[in-house]
Amino acid sequence: MKHVITIIIFGLILTLNSCRSNEPEIVCKKSVKKIIIDGSLDEEAWEKAETISLLNNKTGKPVEQDEYKSEVKTCYDSDYLYIAFINGDQDIFTSFTKRDEYLWEDEVVEVFIDTDEGLSTYIEIEISPANIQFDSYITDTANIDLIETPKYDIEGLKSAIFVDGTVNNNSDIDKSWTVEIAIPLEEINMAINSEYPINFYRIDRDSTGPGSYAWSPTFRRFHSPSNFGKIKFE
Ligand SMILES: [Ca+2]
Ligand SMILES: [Ca+2]
Ligand SMILES: [Ca+2]
């Protein structure tokens, strides 16, 4: 009996380890020139950056609709981690106007990044198409305190949006919205000689797109840190 239990536990450990070894990785390259946070990805570093595609979070498969594809890029310098999202979207909308409002109820991009000990605590950053920011520090993934956790603010967080289309006008057909984000490394305790669990998400509320996107799919709610991928610095 003891041997059977040992074999089962050993098998479980092997399974868990093999799951983690399948996690996706993004390599973040250094930008030698200054990145201007203006929503325009015309800096050389964005051209050289590794580009990843977000998947349909419900199926774990690539987004089928060309007009709704989302790509993400990263780069860094001595002060900031930079993240860019390029989101195909035929109708871009958001009703929120203030920091830390519940942006995910409309359209949004999200980054979850874990720079402290233990996968159950991590930073959540969201940016809306109106360039409204939401930042929170998650301490209990099963019971997120929506009053307390958003009180966490990254003072040096910068973001900008470029919209190819019109926000909050459903009488025309939009093309895309681009998000350029700078996260101060020191403020979130990030060291470029280390690697960190991370995931990138998007919520789109159009009836024709996939709706829920993730780089490393969770197949359910986004707050599933065991599904996070990894960011490494080159
Ligand atoms: Ca720029
Ligand atoms: Ca949309
Ligand atoms: Ca906040």
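Draft legend 1. Inspection of the nonpolar core at higher detail. The biggest cluster of nonpolar side chains holds 35 residues, and the ones touching the most others in it are Leu81, Ile83, Phe85, Met190 and Phe200. The set of elements that each furnish at least two residues to this core consists of strand E1 (25–30), strand E4 (70–76), strand E5 (80–88), strand E6 (108–113), strand E7 (122–127), strand E10 (176–184), strand E11 (195–203) and strand E13 (229–233). With 4 residues, E10 is the largest single contributor of residues to this core. The residues contacting Leu81, other than those within four sequence positions of it, are Cys28, Cys75, Tyr76, Ile113, Ile181, Ala182, Ile183, Leu185, Met190, Ile231 and Phe233. If you look at the next biggest cluster of nonpolar residues, it comprises 13 residues, including Phe112, Tyr122, Ile132 and Phe228.

Draft legend 2. The arrangement of the coordination of the calcium ion (ligand 3) in detail. Protein-derived ligands of the calcium ion (ligand 3) are Asp100 (OD), Asp100 (OD), Asp135 (O), Asp135 (OD), Pro150 (O), Tyr152 (O) and Asp153 (OD), with the metal-ligand distances lying across 2.3 to 2.6 Å. Along the chain, the residues donating to the calcium ion (ligand 3) are arranged with the sequence spacing D-x34-D-x14-P-x1-Y-D.

Draft legend 3. The coordination of the calcium ion (ligand 2), seen in detail. Within the protein, the atoms that donate to the calcium ion (ligand 2) are Asp89 (OD), Asp89 (OD), Asp91 (O), Glu107 (OE), Glu107 (OE), Asp204 (OD), Asp206 (OD) and Asp206 (OD), at distances of 2.3 to 3.1 Å. Positions of the donor residues of the calcium ion (ligand 2) along the chain correspond to the pattern D-x1-D-x15-E-x96-D-x1-D. Of the residues examined, Asp206 reaches a relative accessible area of 11% and is grouped as buried.

Draft legend 4. Quick look at the pattern of salt bridges. Overall, the coordinates contain 11 salt bridges when judged by the stated rule. Between Glu23 and Lys230 there is a salt bridge; the shortest N-O distance is 3.3 Å. Linking Glu23 in the loop between helix H1 (2–21) and E1 with Lys230 in strand E13, this pair joins segments that are 207 residues apart in sequence. Each of the two residues, Glu23 as well as Lys230, counts as buried. A salt bridge links Lys151 to Glu148; the shortest N-O distance between them is 2.9 Å. When salt bridges that share partners are traced, they join Glu23, Glu195 and Lys230 into one network.

Draft legend 5. Looking closely at the packing of aromatic side chains. Evaluated as defined, the whole model comprises 12 aromatic pairs. Measuring from centroid to centroid gives 5.8 Å for Tyr80 and Tyr82, while their planes differ by 45°, and the two rings are tilted. Here Tyr80 and Tyr82 have matching classes, each one buried. Note on Trp104 and Phe134: the rings are 5.2 Å apart at their centroids and 85° apart in plane angle, and the pair reads as edge-to-face. Taken as a pair, Trp104 in the loop between E5 and E6 and Phe134 in strand E8 (residues 133–138) lie far apart in primary sequence, 30 residues in all. Under the relative-accessibility criterion, Trp104 is labelled partly exposed at 21%. Among the aromatic side chains, those forming a connected cluster through ring pairs are Phe112, Tyr122, Tyr201, Phe222 and Phe228.

Draft legend 6. The environment of Ile127, seen in detail. Within the secondary structure, Ile127 is located in strand E7. Given a relative accessible area of 1%, Ile127 falls into the buried group.

Draft legend 7. Expanded view of the environment of Ala191. If you trace the backbone, Ala191 turns up in the loop between E10 and E11. Given a relative accessible area of 32%, Ala191 falls into the partly exposed group. Counting along the chain gives 113 residues from Ala191 to Ser78, while the straight-line C-alpha distance between them is 9.7 Å. With near-sequence residues (within four places) excluded, Ala191 lies in contact with Tyr196 and Phe233.

Definitions and limits used
- Residues numbered from 1 in each chain as written.
- Chains lettered and ligands numbered in written order.
- Predicted model: local features only at pLDDT ≥ 70, side-chain atom pairs only at ≥ 80, totals over all residues.
- Heavy atoms only, no water.
- Core = buried A, V, L, I, M, F, W, Y, C linked by side-chain atoms within 4.5 Å.
- Buried < 20%, exposed > 50% of the residue type's maximum accessible area, 1.4 Å probe, protein only.
- Helix = DSSP H or I, 4+ residues; strand = E, 2+ residues; numbered from the N terminus.
- Contact = heavy atoms within 4.5 Å.
- Donors = N, O, S within 2.8 Å, 3.2 Å for Na, K, Ca; no water.
- Salt bridge = Lys/Arg side-chain N within 4 Å of Asp/Glu carboxyl O.
- Phe/Tyr/Trp six-rings, centres within 6.5 Å; stacked < 30°, edge-to-face > 60°.

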